[in-house]
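Observations on chain architecture
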Amino acid sequence: QVQLVESGGGLVQAGGSLRLSCAVSGRTVSSLGMGWFRQAPGKEREFVSHITQFGGNTYYADSVLGRFTISRDNAKNMVYLQMNSLKPEDTAVYYCAGRISYGQNYYSDGATYAYWGQGTQVTVSS
């Protein structure tokens, strides 16, 4: 079965950087559209970033555009989220997710993703 396991979260001061990793098993990352979502306490889950199944195009929420970068390494079957210039409002549990889209839009809608990781905590202090 497909499994996604996130790692790389932790505590960082505002302005710092973290790199999250998502290890995928049971399916190649090249066969999935991959996304990152996050959820803060008392808040709804929100879209962060997506890399498409076909072509590797990338998309970002306005709140992280210019600061975060999503990428994948097909040889390692990994997906990454490089987070720079972190802000306290970035504090959340970050989730890796995958979907088989075949050109489907709505990459920012979590309901379109079939596979989810367990999440990794990111805390940004002032």
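The notes below deal with the structure included here. Note that this is a predicted model, so its numbers are computed, not measured. (Residues numbered from 1 in each chain as written. Predicted model: local features only at pLDDT ≥ 70, side-chain atom pairs only at ≥ 80, totals over all residues. Heavy atoms only, no water.)

Describing the pattern of salt bridges
- Under the defined criterion, the tally for this structure stands at 3 salt bridges.
- Note that Arg38 is salt-bridged to Asp90, the shortest N-O span being 2.9 Å. Of this pair, Arg38 sits in strand 4 (residues 33-39) while Asp90 sits in the loop between strand 8 (78-83) and strand 9 (92-99), and the two are 52 residues apart along the sequence. An identical accessibility class is assigned to Arg38 and Asp90; each is buried.
- Two residues, Arg67 and Asp90, come together in a salt bridge whose shortest N-O distance is 2.8 Å. Here the residue Arg67 occupies a position in the loop between strand 6 (58-60) and strand 7 (68-73), and Asp90 occupies one in the loop between strand 8 and strand 9, the gap between them amounting to 23 residues. (Salt bridge = Lys/Arg side-chain N within 4 Å of Asp/Glu carboxyl O. Helix = DSSP H or I, 4+ residues; strand = E, 2+ residues; numbered from the N terminus. Buried < 20%, exposed > 50% of the residue type's maximum accessible area, 1.4 Å probe, protein only.)

Brief notes about the packing of aromatic side chains
- Across all of its chains, the model carries 6 aromatic pairs by this definition.
- Ring geometry for Phe37 and Phe47: centres 5.7 Å apart, planes at 75 degrees, overall edge-to-face. Residue Phe37 is located in strand 4, and its partner Phe47 is located in strand 5 (residues 46-51); the two are separated by 10 residues in the primary sequence. Across the pair, Phe47 and Phe37 agree in class, each one buried.
- For the ring pair Phe47 and Tyr107, a centre distance of 5.5 Å and an interplane angle of 55 degrees mean the geometry is tilted. A residue pair is termed long-range when its members are at least 10 positions apart, and Phe47 in strand 5 and Tyr107 in the loop between strand 9 and strand 10 (115-116) qualify at 60 residues.
- Among the aromatic residues, ring-to-ring pairing joins Phe37, Phe47, Tyr59, Tyr107, Tyr113 and Trp116 into one connected group.
- Positioned over the ring face of Tyr80 is Arg19, at 3.8 Å from the centre of the ring.
- We note Arg99 situated over the ring of Tyr113; from NZ or CZ to the ring centre the distance is 5.4 Å. (Phe/Tyr/Trp six-rings, centres within 6.5 Å; stacked < 30°, edge-to-face > 60°. Lys NZ or Arg CZ within 6 Å of the ring centre and 35° of its normal.)

Topic: the state of the cysteines
- Summed over the entire model, instances satisfying the criterion amount to 1 disulfide.
- Two residues share a disulfide in this structure: Cys22 and Cys96, whose sulfurs sit 2.1 Å from each other. Taking the torsion about the sulfur-sulfur bond, which here is approximately -85 degrees, the covalent link between Cys22 and Cys96 counts as left-handed. Of this pair, Cys22 sits in strand 3 (residues 18-25) while Cys96 sits in strand 9, placing them 74 residues apart in sequence. Take Cys22 and Cys96: they sit in the same class, and that class is buried. (Disulfide = S-S within 2.5 Å.)

Section: the side chain of Arg38
- What makes Arg38 buried here is its relative accessible area of 5%.
- At 2.9 Å, the side chain of Arg38 and the side chain of Asp90 are in polar contact.
- For Arg38, the side chain forms a polar contact with the side chain of Tyr94, separated by 2.9 Å.
- In contact with Arg38, other than residues within four places in its own chain, are Glu44, Arg45, Glu46, Val48, Ser63, Val64, Phe68, Glu89, Asp90, Ala92, Val93 and Tyr94. (Polar contact = N/O pair within 3.5 Å; in protein donor to acceptor, adjacent residues only side chain to side chain. Contact = heavy atoms within 4.5 Å.)

Things to note about the nonpolar core
- Formed by 32 residues in total, the largest nonpolar core has its most connected members in Met34, Trp36, Leu81, Met83 and Tyr94.
- Only strand 3, strand 4, strand 5, strand 7, strand 8, strand 9 and strand 11 (120-125) provide two or more residues apiece to this core. (Core = buried A, V, L, I, M, F, W, Y, C linked by side-chain atoms within 4.5 Å.)

Read these as layout, nothing more, since geometry by itself doesn't imply function.
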